[in-house]
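This is what each chain is made of:
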Amino acid sequence: SLISPTIYPCSRYGYIRCSKRKRLGKPNLNQKAISLNQKSFFGKLEDSVLELSLIEAFYLMENGRLNIYNVDSDEKLEINYIREIIKKKGNYAKYCVYNDLKDRGYIIKTGFKYGSEFRLYERGKSPGDGHSEYLVKIIHEDYDINALDFASYVRVSHGVKKSLLMAVVDDEEDITYYKIEWTRP
């Protein structure tokens, strides 16, 4: 089940706005786009438009569930073109982690307001059914993490009753996860 919406860049948050357009009038979401949001928890429905992050759109594209078109020329964009955009923005490690966690069956939402890359819902749970279990912070294996920054990541996650999942990505795009929790001595 492939959807082929026109993609509208939304520079405000780096989102891609997807909608099926009628010849006249407002965009009209098709059932597949609604299903992506309500059953698979991709993106955010707003003003009759499904907004996807670039990471979400690329994941769907790589998995054959979404085509992305240039809004000016209606030209279908290739996977490698979108991959290069993600790499140029410095988000390829973020995509690798997103892809890995999504393939493991987790529901993933932005963690921006918590200072992390993602909020992670346990398999079988979803936004609206409860709270996310983890905040996911992504670092490269060569990154020298400051102890105060690390402590703040743990403190924030503990303060919102979540565990911190540190995803360490190496040069080969392999990911090692560390579950970090606050403990009292």
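Preceding this paragraph is the structure being described.
(A) Region of interest: the overall build of the chain. When its secondary structure is counted, the chain shows five helices and nine strands. In the chain, which comprises 185 residues, the proportion classed as buried is 40%. Sequence-distant contacts, at least 24 apart, represent 46% of the contacts inside the chain between residues at least 6 apart. Counting every atom, the chain has about 11200 Å² of accessible surface; 47% of that belongs to carbon and sulfur.

(B) Up close: a negative patch on the surface. Together, Glu 141, Asp 142, Asp 144, Asp 171, Glu 172, Glu 173 and Asp 174 make up a negatively charged patch on the protein surface. Turning to its location among the elements, Asp 144 is positioned in the loop between strand 7 (134–140) and helix 5 (147–159). Look at Asp 144 and you get exposed, because its relative accessible area is 71%.

(C) Geometry of the pattern of salt bridges. Counting across every chain of the model gives four salt bridges. With a closest N to O distance of 3.4 Å, Lys 179 and Glu 181 form a salt bridge. On the basis of relative accessibility, which here comes to 48%, the residue Glu 181 falls in the partly exposed class.

(D) Just empty space enclosed by the protein, in detail. Inspection of the entire model under this criterion finds two cavities of 30 Å³ or more. Size it by volume and the largest cavity reaches roughly 40 Å³. If you trace the largest cavity, you find it lined by Tyr 114, Gly 115, Ser 116, Leu 135, Lys 137, Tyr 153, Val 156 and Leu 164. Of the residues belonging to the lining of the largest cavity, the class tally is five nonpolar, two polar and one charged.

What counts and what doesn't
- Residues numbered from 1 in each chain as written.
- Predicted model: local features only at pLDDT ≥ 70, side-chain atom pairs only at ≥ 80, totals over all residues.
- Heavy atoms only, no water.
- Helix = DSSP H or I, 4+ residues; strand = E, 2+ residues; numbered from the N terminus.
- Buried < 20%, exposed > 50% of the residue type's maximum accessible area, 1.4 Å probe, protein only.
- Contact = heavy atoms within 4.5 Å.
- Areas by Shrake-Rupley, 256 points an atom, 1.4 Å probe, with all protein chains shown as cover.
- Patch = residues over 30% accessible without salt bridge, like charges linked within 9 Å, V, L, I, M, F, W, Y side chains within 5 Å.
- Salt bridge = Lys/Arg side-chain N within 4 Å of Asp/Glu carboxyl O.
- Lys, Arg positive; Asp, Glu negative; His and termini not counted.
- Charge placed at Lys NZ, Arg CZ, Asp CG, Glu CD.
- 1 Å grid on protein atoms, 1.4 Å probe; cavity = no way out; pocket = protein on both sides within 12 Å on 5 of 7 lines; lining within 4 Å.
- Points joined across faces, edges and corners; volume = space filled by probe spheres on them.
- Nonpolar A, V, L, I, M, F, W, Y, C, P; charged D, E, K, R; others polar.

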